[in-house]
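The lines below spell out each chain.
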Amino acid sequence: MPEAGDRVAIRVTVNGKRHEQEIEPRQLLVDYLRETLGLTGTHIGCDTSFCGACTVLLNGASVKSCTVLAVHADQGEVTTVEGLAKDGELHPIQQAFKDHYALQCGYCTPGLLMSTCHLLARNPSPTQREIRKAIAGNCCRCTGYQNVFDAIADAAKRAAADVPPEAERAATSAGER
Ligand code: FES
Ligand code: FES
């Protein structure tokens, strides 16, 4: 059992990159991501498990990283919002949020994106009710929920049709859709 002041070694793969560090056993996963790794896209809104701004994927499941100790991610895989875009292209879920203006200040957005990833990985064709339930733990103080619901439904449709977002945008501006 580590004592106060002791540090423990953890190995975690974050966004495909392996990290090995000695950390304090009491360090929260959100602080590990933000302060130790410098991945500040994961936000802290409440620190009490209410707001969902700190949501990340841990071994494929969405977790509120302010409620998880970093040591619990040892040997695990974490995906943060920084891990979504590839080769300079937004992830389709990010693109859908952008296209539907599903953000205002954007503070809650990283958490919403990660909750949406979790939802669509398990349920590619969610109903409106299922979408609302999936993001019930993500609080948006700007209250733009309707656009968020629309963006998630659209992201699901794009994934189902396997339509690259750039093709979708091109078709929309050409009046084909
Ligand atoms: S900061 Fe984790 S739920 Fe609000
Ligand atoms: S867009 Fe501002 S808190 Fe959600």
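Since the structure is predicted, the reported quantities are computational estimates derived from the model, not experimental observations.

Considerations on the sheet that holds strand β4 (residues 61–64)
Working step 1: Taken in spatial order, the 5 strands line up as β2-β1-β5-β3-β4 in an open sheet, and their pairing is mixed. Strand pairing shows two members of the sheet lacking a second neighbour, β2 (17–23) and β4, which therefore form its edges. The sheet shows a mean angle of 40 degrees between the axes of neighbouring strands, taken without regard to direction.
Working step 2: Set on the sheet, helix α1 (residues 29–36) makes contact with β1 (8–14), β2, β3 (55–58) and β5 (77–79); between it and β2 the angle comes to about 105 degrees.
Working step 3: Across the face of the sheet, helix α3 (residues 109–122) comes into contact with β3, β4 and β5 while running at roughly 40 degrees to β3.

Things to note about the pattern of salt bridges
If the charged atoms of two oppositely charged side chains come close together, the side chains can form a pair.
Working step 1: Across all of its chains, the model carries 4 salt bridges by this definition.
Working step 2: Here Arg11 makes a salt bridge to Glu20, at a shortest N to O gap of 3.3 Å.
Working step 3: Overall, the relative accessible area of 53% leaves Glu20 in the exposed class.
Working step 4: Across the pair Arg26 and Glu24 runs a salt bridge whose closest N-O atoms are separated by 2.7 Å.
Working step 5: The class of Glu24 is partly exposed, set by a relative accessible area of 29%.
Working step 6: Each of Asp99, Asp154 and Arg158 takes part in one network of salt bridges that share partners.

Looking at helix α2 (residues 92–99)
Working step 1: Three or more residues of α2 are buried, namely Ile93, Gln94, Gln95, Ala96 and Phe97.
Working step 2: Once α2 finishes, Tyr101 follows within two positions and takes phi at roughly 50 degrees, a positive value.

Observations regarding the state of the cysteines
Working step 1: Within the structure shown, the criterion is met by 0 disulfides.
Working step 2: Cys139 carries a free sulfur, and the closest cysteine sulfur to it, the one in Cys51, is 6.9 Å from it.
Working step 3: Using a relative accessible area of 25% as the deciding quantity, one classes Cys139 as partly exposed.

Looking at the side chain of Thr42
Working step 1: Along the chain, Thr42 falls in the loop between α1 and β3.
Working step 2: With a relative accessible area of 2%, Thr42 lands in the buried category.
Working step 3: Excluding residues within four positions of it along the chain, Thr42 makes contact with Val30, Leu33, Arg34, Ala53, Cys54, Val56, Ser65, Thr80, Val81 and Glu82.

A short note on the pairing of β1
When a strand is regular, its side chains alternate between the sheet's two faces.
Working step 1: Sheet topology places β1 next to β2; 7 bridges connect them, and they run antiparallel. Its bridge partner lying in β2, Thr13 is registered against Arg18.
Working step 2: What sits between the antiparallel neighbours β1 and β2 is a turn of 2 residues, in which Asn15 has the positive phi angle 50 degrees.
Working step 3: As paired elements, β1 and β5 share 2 bridges and run parallel to each other. Note on β5: the bridge partner recorded for Thr13 is Glu77.

Here is what the cut-offs are and how they apply
- Residues numbered from 1 in each chain as written.
- Chains lettered and ligands numbered in written order.
- Predicted model: local features only at pLDDT ≥ 70, side-chain atom pairs only at ≥ 80, totals over all residues.
- Heavy atoms only, no water.
- Pairing = 2+ DSSP bridges.
- Helix = DSSP H or I, 4+ residues; strand = E, 2+ residues; numbered from the N terminus.
- Axes fitted to C-alpha atoms, helices over the stretch in contact; angles between N-to-C directions.
- Contact = heavy atoms within 4.5 Å.
- Salt bridge = Lys/Arg side-chain N within 4 Å of Asp/Glu carboxyl O.
- Buried < 20%, exposed > 50% of the residue type's maximum accessible area, 1.4 Å probe, protein only.
- Disulfide = S-S within 2.5 Å.

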